Amino acid sequence: MLEVQHIVKAYGKQLAVNDVSFSIPDGEIAVLLGPNGAGKSTLIKSMAGLLRFKGEVLVNGNNNKTVQARRDLGYVPEMPAVYDLLTVQEHMEFIARAYKLENWEGFSEELLARLEMADKKSKLGKELSKGMQQKLSIACAMLPKPQVMVLDEPLVGLDPHAIKELKEMLHEWRDAGHTLLLSTHMIESVEHDWDCAYILMKGQLKAVMRREEETESDTLEKLFFRITEGEVTEQ
Ligand code: ADP
């Protein structure tokens with residue numbers, strides 16, 4: 001479970017996130033939608049504990065600054081941050097040691113195989129393409145099997161196979177009871193992949209739609225464009 005309570009974040013005088021609250025229960029995929037500059041990355045970085053902000057983020061009930069919350073939260077940044085001089089396999093070993101994982105090798109193999117990186121294990125981080133770095137970043141975040149995963153624009157830069165595989169994994173994790181949040185500015189890219197959608201615009205949460213509320217005449221896409229083009233609030 002991921003709870004975001006009254007998050008406010010400003011960069012100097014620029015208010016990037018303005019009093020955003022929501023909570024995502026276990027076993028759900030939530031999407032954070034919004035045009036460029038809406039505040040999605042700022043909100044996600046706040047959840048991941050990378051920014052100072054007002055408000056509170058709870059991961060399974062624990063403040064996100066606690067050791068337990070950090071263990072329970074997996075984060076895939078928008079820009080993959082891989083180590084230039086570690087190989088793909090060494091990245092996985094590094095994560096396994098940092099999280100004191102046991103019997104992780106089989107799952108690591110599975111992740112790398114599913115992301116078509118099994119033959120890249122001895123490649124250095126700096127030798128990987130941007131898409132490969134993104135896949136490694138995803139594999140590293142998934143290896144400890146965190147209860148909650150937040151992924152910032154995870155589909156950007158991935159090839160169609162990787163997109164399909166990542167989506168399948170997210171669905172499997174959802175069905176296994178994990179809590180997932182992914183952000184995107186491309187609404188059509190997550191058409192079949194959300195249980196609840198949050199529309200962010202100019203730092204504010206403008207609308208929430210649950211999958212069961214969507215009808216043929218009132219789709220998420222229509223709501224999204226009504227909000228982003230018409231600037232109405234539907235809450
Ligand atoms: P999104 O991820 O939805 O594209 P961001 O969270 O990156 O939006 O940005 C929200 C707002 O905050 C934008 O107006 C952006 O210009 C501003 N912003 C983001 N990062 C910084 C920063 N490091 N310094 C100053 N302003 C920033």
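In the block above lies the structure referred to throughout.
Residue positions are given per chain, counted from 1 along the sequence in the order it is written. This being a predicted model, a pLDDT of at least 70 is required before a residue's local features are given, and a value of 80 or more before pairs of side-chain atoms are given or counted; all residues contribute to the totals for chains, interfaces and linings. Side-chain descriptors were evaluated using all non-hydrogen atoms of the structure, hydrogens and water having been removed beforehand.

Undergrad: Hey, could you run me through the site of the ligand in this one?
TA: Around the ligand, the neighbouring residues are Tyr11, Gln14, Ala16, Pro35, Asn36, Gly37, Ala38, Gly39, Lys40, Ser41 and Thr42. Polar contact criterion, stated in full: a pair of N or O atoms within 3.5 Å, where within protein one must be able to donate a hydrogen and the other to accept it, and residues adjacent in sequence count only if both atoms are side-chain atoms. A distance of 2.7 Å separates an oxygen atom of the ligand from a polar atom in the backbone of Gly37. Contacts to the ligand include Gly39, whose backbone N or O atom sits 3.0 Å from an oxygen atom. In this description, accessible areas are obtained by the Shrake-Rupley approach with a 1.4 Å probe, and a residue is regarded as covered only by the protein chains that are shown. A total of 560 Å² of accessible area belongs to the ligand in isolation, and the protein chains cover 58% of it. Numbering of helices and strands runs from the N terminus; a helix is a DSSP stretch of H or I covering at least four residues, while a strand is a stretch of E covering at least two. When contributions to the shell around the ligand are tallied by element, the ones reaching two or more residues are strand E2 (14–24) and helix H1 (40–47). In terms of residues, the shell around the ligand owes the most to one element, H1, which gives three residues. Basically, the charged four are Asp, Glu, Lys and Arg, the nonpolar ten are Ala, Val, Leu, Ile, Met, Phe, Trp, Tyr, Cys and Pro, and anything else, Gly included, counts as polar. Tallied by class, residues from the shell around the ligand come to four nonpolar, six polar and one charged. Whether a residue is near a molecule or strand is decided by its heavy atoms; if any one of them lies within 4 Å of it, the residue is near.

Undergrad: In this structure, what is going on with the packing of aromatic side chains? I would like to understand it.
TA: Aromatic rings considered in pairs are described by the distance between their centres and by the relative angle of their planes. Pairing of aromatic rings covers Phe, Tyr and the six-membered ring of Trp, with a centre-to-centre limit of 6.5 Å; geometry is then stacked below 30 degrees between planes, edge-to-face above 60, and tilted otherwise. What the rule picks out here adds up to three aromatic pairs. Residues Phe224 and Phe225 carry aromatic rings whose centres are separated by 5.3 Å and whose planes lie at 80 degrees to one another, so their mutual orientation is edge-to-face. Burial classification: accessible surface area is computed with a 1.4 Å probe over protein chains only, and a residue below 20% of its type maximum counts as buried, one above 50% as exposed, and the rest as partly exposed. By relative accessible area, Phe224 is classed as buried at 5%. For Phe225, a relative accessible area of 33% puts it in the partly exposed group. One residue, Lys145, lies across the ring of Phe107, its end atom 4.5 Å from the ring centre. A ring is considered to have a charge above it if a Lys NZ or an Arg CZ atom is located within 6 Å of its centre and within 35 degrees of its normal.

Undergrad: Just to check I follow, could you spell out the packing of helix H4 (residues 105–114) against helix H6 (residues 160–175) for this structure?
TA: The relative placement of two packed helices comes down to the angle between their axes together with the axis-to-axis distance. For helices, the fitted axis covers only the stretch in contact; all axes are lines through C-alpha atoms, and the angles between them, taken along N-to-C directions, range from 0 to 180 degrees. Axis separation between H4 and H6 bottoms out at 10 Å; the angle between their running directions is 140 degrees. Considering the angle they form, H4 stands oblique to H6. For the pair H4 and H6, contact is made by Phe107, Leu111 and Arg114 and by His161, Glu165, Glu168, Met169, Glu172 and Trp173, respectively. Partitioning the contact of H4 with H6 into residue classes produces four nonpolar, one polar and four charged. Small angles under 35 degrees read as roughly parallel and large ones over 145 as roughly antiparallel, with 65 to 115 read as roughly perpendicular and the rest as oblique. Here a residue-residue contact requires only that any non-hydrogen atoms of the pair lie within 4.5 Å.

Undergrad: I would appreciate a short explanation of the pairing of strand E10 (residues 204–210) in the present structure.
TA: Moving residue by residue along a regular strand, the side chains alternate between the two faces of the sheet. A pair of strands is labelled paired if DSSP reports no fewer than 2 bridges between them. With six bridges joining them, strand E9 (residues 196–201) and E10 adopt antiparallel strand pairing. If you follow Leu200 over to E10, its bridge partner there is Leu205. Linking E9 back to E10 in an antiparallel pair, the connection comprises two residues, with Lys202 at a positive phi of about 50 degrees.

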